[in-house]
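# Geometric and topological summary
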Amino acid sequence: MARNREGLVLLIDVGPAMHSVLPDVEKACSLLLQKKLIYNKYDEVGIVVFGTEETGNELAREIGGYEHVTVLRNIRVVDEVVAEHVKQLPRGTVAGDFLDAVIVGMDMLIKMYSGGQKGKKRMCLITNAACPTKDPFEGTKDDQVSTIATKMAAEGIKMESIVMRSNLIGDAHEKVIEENDHLLNLFSSNAIAKTVNVESPLSLLGSLKTRRVAPVTLFRGDLEINPTMKIKVWVYKKVAEERLPTLQLYSDKAPPTDKFAKHEVKIDYDYKVTAESTQVIAPEERVKGFRYGPQVIPISPDEIETLKFKTDKGMKLLGFTEASNILRHYYMKDVNIVVPDPNKEKSVLAVSAIAREMKETNKVAIVRCVWRNGQGNVVVGVLTPNVSEREDTPDSFYFNVLPFAEDVREFPFPSFNKLPASWKPDEQQQAVADNLVKMLDLAPSAKEEVLLPDLTPNPVLQRFYEYLELKSKFTDAALPPMDETFKRIMEQDPELSSNNKSIMDAFRGSFEVKENPKLKKASKRLLRDKPSGSDDEDNRMITYDANENKIDIVGDTNPIQDFEAMISRRDNHDWATKAITQMKNRIVKLVENCTDEGDKALECVLALRKGCVLEQEPKQFNEFLNHLFELCQERKLPHFLKHFTSKKITLIPKSEAPDSDVVDENAGDYFTVKQEPMLES
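Residues numbered from 1 in each chain as written. Predicted model: local features only at pLDDT ≥ 70, side-chain atom pairs only at ≥ 80, totals over all residues. Heavy atoms only, no water.

For the protein chain, an unreviewed UniProt entry supplies the name ATP-dependent DNA helicase 2 subunit KU80 and the organism Camelina sativa. Among the UniProt annotations of the protein chain, the heading Sequence similarities (unreviewed entry) holds the following wording: "Belongs to the ku80 family." Per its UniProt entry, the protein chain bears the Catalytic activity (unreviewed entry) comment "ATP + H2O = ADP + phosphate + H(+)". (UniProt positions renumbered as here; feature names shortened; annotations may be inferred.)

What follows is about the packing of aromatic side chains. On inspection of all chains with the given rule, the structure shows five aromatic pairs. Geometrically, the ring pair formed by Phe464 and Tyr465 is edge-to-face, given 6.0 Å between the ring centres and 70° between the ring planes. What makes Tyr465 buried here is its relative accessible area of 1%. Put simply, the rings of Tyr39, Phe464 and Tyr465 touch in pairs and so form one group of aromatic residues. A cation over a ring is seen here: Arg220 above Trp234, with NZ or CZ 3.7 Å from the ring centre. Cation over ring: Lys578 sits above Trp575, and NZ or CZ is 4.8 Å from the ring centre. (Phe/Tyr/Trp six-rings, centres within 6.5 Å; stacked < 30°, edge-to-face > 60°. Buried < 20%, exposed > 50% of the residue type's maximum accessible area, 1.4 Å probe, protein only. Lys NZ or Arg CZ within 6 Å of the ring centre and 35° of its normal.)

So, on to helix H1 (residues 22-39). With 18 residues, H1 should reach 26 Å at 1.5 Å per residue; the first-to-last C-alpha distance of 26 Å fits that figure. Counting buried positions along H1 yields 13 of 18 residues, so the element is predominantly enclosed. (Helix = DSSP H or I, 4+ residues; strand = E, 2+ residues; numbered from the N terminus. Expected span 1.5 Å × (residues − 1).)

Attention shifts here to the nonpolar core. With 36 residues, the main nonpolar core has Phe563, Met583, Ile587, Val591, Leu608 and Phe621 as its most contacted residues. Only helix H15 (559-567), helix H16 (575-592), helix H17 (598-614) and helix H18 (618-634) provide two or more residues apiece to this core. Not counting residues within four places of it along the chain, the set of residues in contact with Phe621 comprises Val605, Leu608, Arg609, Cys612, Ile649, Thr650, Leu651 and Ile652. In this structure, Met18, Leu32, Ile162 and Leu455 belong to the second largest nonpolar core, which totals 35 residues. (Core = buried A, V, L, I, M, F, W, Y, C linked by side-chain atoms within 4.5 Å. Contact = heavy atoms within 4.5 Å.)

Of note in this structure, Tyr66 is not a glycine but carries a positive phi near 55°. You can see Tyr66 is positioned in the loop between helix H2 (58-63) and strand S3 (69-77). Its identity as a non-glycine residue notwithstanding, Ala129 has a phi of 50°, on the positive side.

On to the sheet that holds strand S11 (residues 314-322). Working definition: the strands of a sheet are paired by backbone hydrogen bonds and lie parallel or antiparallel to each other. Read around the closed barrel, the seven strands follow the order S7-S8-S12-S15-S14-S13-S11; overall the barrel is mixed. Across the sheet, the mean angle from the axis of one strand to that of its neighbour is 35°, orientation sign disregarded. (Pairing = 2+ DSSP bridges. Axes fitted to C-alpha atoms, helices over the stretch in contact; angles between N-to-C directions.)

This next bit is on the sheet that holds strand S2 (residues 44-50). The strand order across the open sheet built from six strands is S3-S2-S1-S4-S5-S6, with neighbouring strands paired in mixed fashion. At either margin of the open sheet sits one strand with a lone partner, and together these are S3 and strand S6 (193-198). Strand-to-strand twist across the sheet, computed as the mean angle between neighbouring axes with direction ignored, equals 15°. In terms of strand pairing, strand S5 (residues 157-164) meets S6 through six bridges, oriented parallel.

Moving on to the environment of Ala153. Mapped onto the secondary structure, Ala153 falls in helix H5 (residues 141-155). The exposure class assigned to Ala153 is partly exposed, which follows from its relative accessible area of 38%. Sequence-wise, Ala153 and Ile192 are 39 residues apart; in three dimensions their C-alpha atoms are separated by 6.6 Å.

In structure tokens:
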């Protein structure tokens, strides 16, 4: 077996206590084998089931014992047949002994890969561990497990134990379960073994690691504390996004009789001055250009190489800061883990000392990193201490990339603290919202947490693998419906919703939702509450089209729409001030030229009032309204003044904007705000 291949033996409990979950086990094992066909097609797989009425294994034939353990498939290269075979597991009739199955699986791996063959050897045990194990002929069960684990460690065999505990009720199994859990923990202590307890089909799919990713270091070198102190460290990826497998172009132009055809598709590009030209531009005649205003600046490859940032490989400590100063949303990329060089005892001690002190003082470290020589950029990141709870695992750090100033996006939004009381939830609304959050808790007490990242598979990837297998058998196969198990990842649990319908209804009834007749497709909107003294018909959403929100002036034709679009822009905090100023000027012009446009001016005043409430600019509107009232008196526009009363236009009081100098009782008095004396014309 090659060094990078794996020999895997699946040990599956098919006894009566497992019958209810065997369909989920079949699905999980099938996905495992499907992925091996894609990513590790030279891996070898064997299947052993225990809890069957019959016995069929080599150890039973050679020395006897090991009853009710059957080898369904000897260790062979993975193929489509085994992927189908695992979907039809037998249903056993007796309680199985998982220790017998482990010994049979270990024996298969040792006999298959004896003679110093290189490669990875692994067993995967799937059981509920609720059935008693037989007493050994000599010694205790603990002694037996320790002997097995020692042999596994000597042979380099790893083991994963997935324990299904979703369907166990009553007290009959308590002692047996406690003993079996103890035995499985002994494997973890004496060999390279891990035990995972799962309660749902979804967790089972995630716990069975379907793709083997070999750990590869991103960096091996020094963590420089200062010029005279350096610690040898290794850096690995801790979390990385799993992507869909690369789809390659396939050519069917090769003759069917050509057994050595690669069916590759090669693409060549020709560069020409114009599409009609026949002259091809050679690579040495082409150069990259970068836009700078209306110009295109050519920059040669030599100049680009000179511009590249060049520094030496390494990690340098810049200093320490309080952990609270590094906010969670600063983390930019995948998480890496920094571990001490396992071959350097002093490095292990140094990392442990620093990590434990950082944790005790609640500090994090800021470091500058260059992962390799010739790297074109430098990153600044944060090291968070990861103090191990196991004696055989050294302390380490988690590394996250931090943003530079150019990477941070600042979007100005009004503070919730400045909103009027009428815009904030009351005690009853807050209570029903609290109940809704508690109802949808994914980590209820005494139950397995739902959607744990370590146990939740990506539904997009799983659906792709299932469909790929289906297409391998039927080229014209239609896309099958979404599996119910994967729906639990993307949709709210229907049982949870139905059991708590009263809470959902109470939440829905506590918040009034009105249909907005102006709402258009693909438009962004901001909800405006009903201002004090405004009509119901004006209590609406301000909407603007996402493709038309680059308006930068309040025009004559549609001043209200222009104002709403400008005030809603978030690419610069000055747009709100510009929009308010331009709208005030537009209103004054409409009033000064008032003939039959009084209604349009008043509509603009209403829009301005709403905008000033939203942006918490009450003084600008209140001062302008006083000025506008005086202007109407000066120009003798009684018909316009009557509209103030009919439209119930008021000053913005404290209840709508805390910064306002106007109390609610004086909101209808247009001379509350002191004005500079106006010069008579």
